[in-house]
Amino acid sequence: MLSEVERATDAVARVARDPVSLVRAAGDPREAELVAVLASSLAFGNVTTILAKIREVLARAGGPLVSATRDPRALGRSLRGFKHRLYRGEHVAALLVGAARVQRQRGSLGAALASHLERAPLQEALARWVDELRAHGLDGLGDAGARHLLPDPRAGGSSKRLLLLLRWMARPPGPVDVGLWSGLIPASRLLIPLDTHLFKLSKNLGLTSRGAPSWRAAEEITRALTALDAADPTRFDFPLCHLGMVQGCPSRRDAARCHGCGVKPLCVHWRGAARAPPGSERS
Ligand code: SF4
């Protein structure tokens, strides 16, 4: 059933309105890593605003991020006045400068993460990678914006934006994901990037019994998806997210809004629908 949803998703058309499109456009692998860190970190809120804010940072940088991050003071000046939610220009500049320094020291951001994954499970490995990036700039700011921009997975939150970065970079290359780290990090170790919408959809499909999006909920949902594809469970993330958007999933039985939903036969709200008394569906 989920494979059918995946087949029905026009990934090429949909990817144009997704932040990963800017990562794909970066070309050079080192530039793509920095754009991916930027784009995933700002992926918070409405997608139109997210795309506009990522483009604003790229325009303000005045050239490739790989070059702009070599002069932290100039980058800080060019991002002065930038704001997205609780993030300011100084947060974004510190994030990018930190990421670029780790990239230069370790060869690539993917190599740095892969080295942590050799010694630790995903949650701790990702936390160590975050520590490394933060130590080069964000830690010095020490405020809520700095902590939120690059969150600590040890706190137990879903770490959606970090796991989205991993999906983009470590899943095999295709029409959506870039796959630059696919030779370094096995896709089987990834977890689903879980936001409130995907969490609700996962509840509707009976993939989790948890009460809120969290790291544990992402593990539970990924385990359920592993039964469908053990080597690449997060391949279902993009189609499910877009199905949720297109369908405007109401998370309840609603004849009009659920019409044509590709996962309706699996949805807990439609169990026993054939036996439901006439007029019991909301429309
Ligand atoms: S059938 Fe309706 S409630 Fe269930 S997942 Fe689809 S849109 Fe959401």
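Here's a quick rundown of the structure. None of these values were measured; they are calculated from a predicted model.

**Examining the overall build of the protein**
- Along the backbone of the protein there are 17 helices and two strands.
- Relative to its length of 283 residues, the protein is compact, with a C-alpha radius of gyration of 20 Å against a globular reference of 19 Å.
- Expressed as lengths along the three principal axes of its C-alpha atoms, the size of the protein is roughly 70 × 40 × 35 Å.
- Counting over 283 residues, the protein shows a buried share of 49%.
- For the protein, the computed accessible surface area is about 12,600 Å², with 52% contributed by carbon and sulfur atoms.
- Side-chain charges of the protein comprise 41 positive and 26 negative groups, with the mean position of each set lying 4 Å from the other.

**Re helix α8 (residues 89-106)**
- Relative to the 26 Å expected for 18 residues at 1.5 Å per residue, α8 spans 26 Å between its end C-alpha atoms, a close match to the ideal helical length.
- Across the 18 residues that make up α8, a large majority, 13, are buried.
- Following α8 by one or two positions, G107 adopts a phi angle in the positive range, close to 95°.

**Observations regarding empty space enclosed by the protein**
- Overall, the coordinates contain one cavity of 30 Å³ or more when judged by the stated rule.
- Estimated volume of the largest cavity: approximately 110 Å³.
- Listing elements by their share of the lining of the largest cavity, those giving two or more residues are α14 (196-204) and α16 (237-247).
- In terms of residue class, the lining of the largest cavity is made up of ten nonpolar, four polar and two charged.

**So, the packing of helix α4 (residues 29-41) against helix α13 (residues 160-170)**
- Between α4 and α13, whose axes approach to 9 Å, the crossing angle comes to 145°. In this structure, α4 meets α13 at a crossing whose hand is right-handed. Across from A32, E33, A36, V37, A39, S40 and S41 in α4, the residues of α13 making contact are R161, L165, W168 and M169.
- Of the residues belonging to the contact of α4 with α13, the class tally is seven nonpolar, two polar and two charged.

**Quick look at the environment of A25**
- As for its position among the elements, A25 is in the loop between α3 (20-24) and α4.
- Taking the relative accessible area as the measure of exposure, A25 reaches 63% and is therefore exposed.
- Distance in space between the C-alpha atoms of A25 and A120 is 32 Å, their sequence separation being 95 residues.

**So, the nonpolar core**
- Among the nonpolar cores identified, the biggest contains 85 residues, and V23, L42, L109, W129 and W181 are the most heavily contacted of them.
- With nine residues, α8 is the largest single contributor of residues to this core.

**Comments concerning α14**
- Of the residues making up α14, those classed as buried are L198, F199, L201, S202 and N204.
- The secondary structure elements touched by the buried residues of α14 are α15 (215-226) and α16.
- Once α14 finishes, G206 follows within two positions and takes phi at roughly 70°, a positive value.

**A short note on the site of the ligand**
- Around the ligand sit 13 residues, and of these Q247, C249, C258, C261 and C267 come closest.
- Assessed atom by atom at 2 Å from the grid points, the ligand resides in the largest cavity.
- The class makeup of the residues in the shell around the ligand is eight nonpolar, three polar and two charged.

Parameters and conventions
- Residues numbered from 1 in each chain as written.
- Predicted model: local features only at pLDDT ≥ 70, side-chain atom pairs only at ≥ 80, totals over all residues.
- Heavy atoms only, no water.
- Helix = DSSP H or I, 4+ residues; strand = E, 2+ residues; numbered from the N terminus.
- Rg over C-alpha atoms; globule rule 2.2 N^0.38 Å.
- Buried < 20%, exposed > 50% of the residue type's maximum accessible area, 1.4 Å probe, protein only.
- Areas by Shrake-Rupley, 256 points an atom, 1.4 Å probe, with all protein chains shown as cover.
- Lys, Arg positive; Asp, Glu negative; His and termini not counted.
- Charge placed at Lys NZ, Arg CZ, Asp CG, Glu CD.
- Expected span 1.5 Å × (residues − 1).
- 1 Å grid on protein atoms, 1.4 Å probe; cavity = no way out; pocket = protein on both sides within 12 Å on 5 of 7 lines; lining within 4 Å.
- Points joined across faces, edges and corners; volume = space filled by probe spheres on them.
- Nonpolar A, V, L, I, M, F, W, Y, C, P; charged D, E, K, R; others polar.
- Axes fitted to C-alpha atoms, helices over the stretch in contact; angles between N-to-C directions.
- Left-handed = near helix turned anticlockwise from the far one by under 90°.
- Contact = heavy atoms within 4.5 Å.
- Core = buried A, V, L, I, M, F, W, Y, C linked by side-chain atoms within 4.5 Å.
- Near = heavy atom within 4 Å.
- Sits in = over half its atoms within 2 Å of the grid points.

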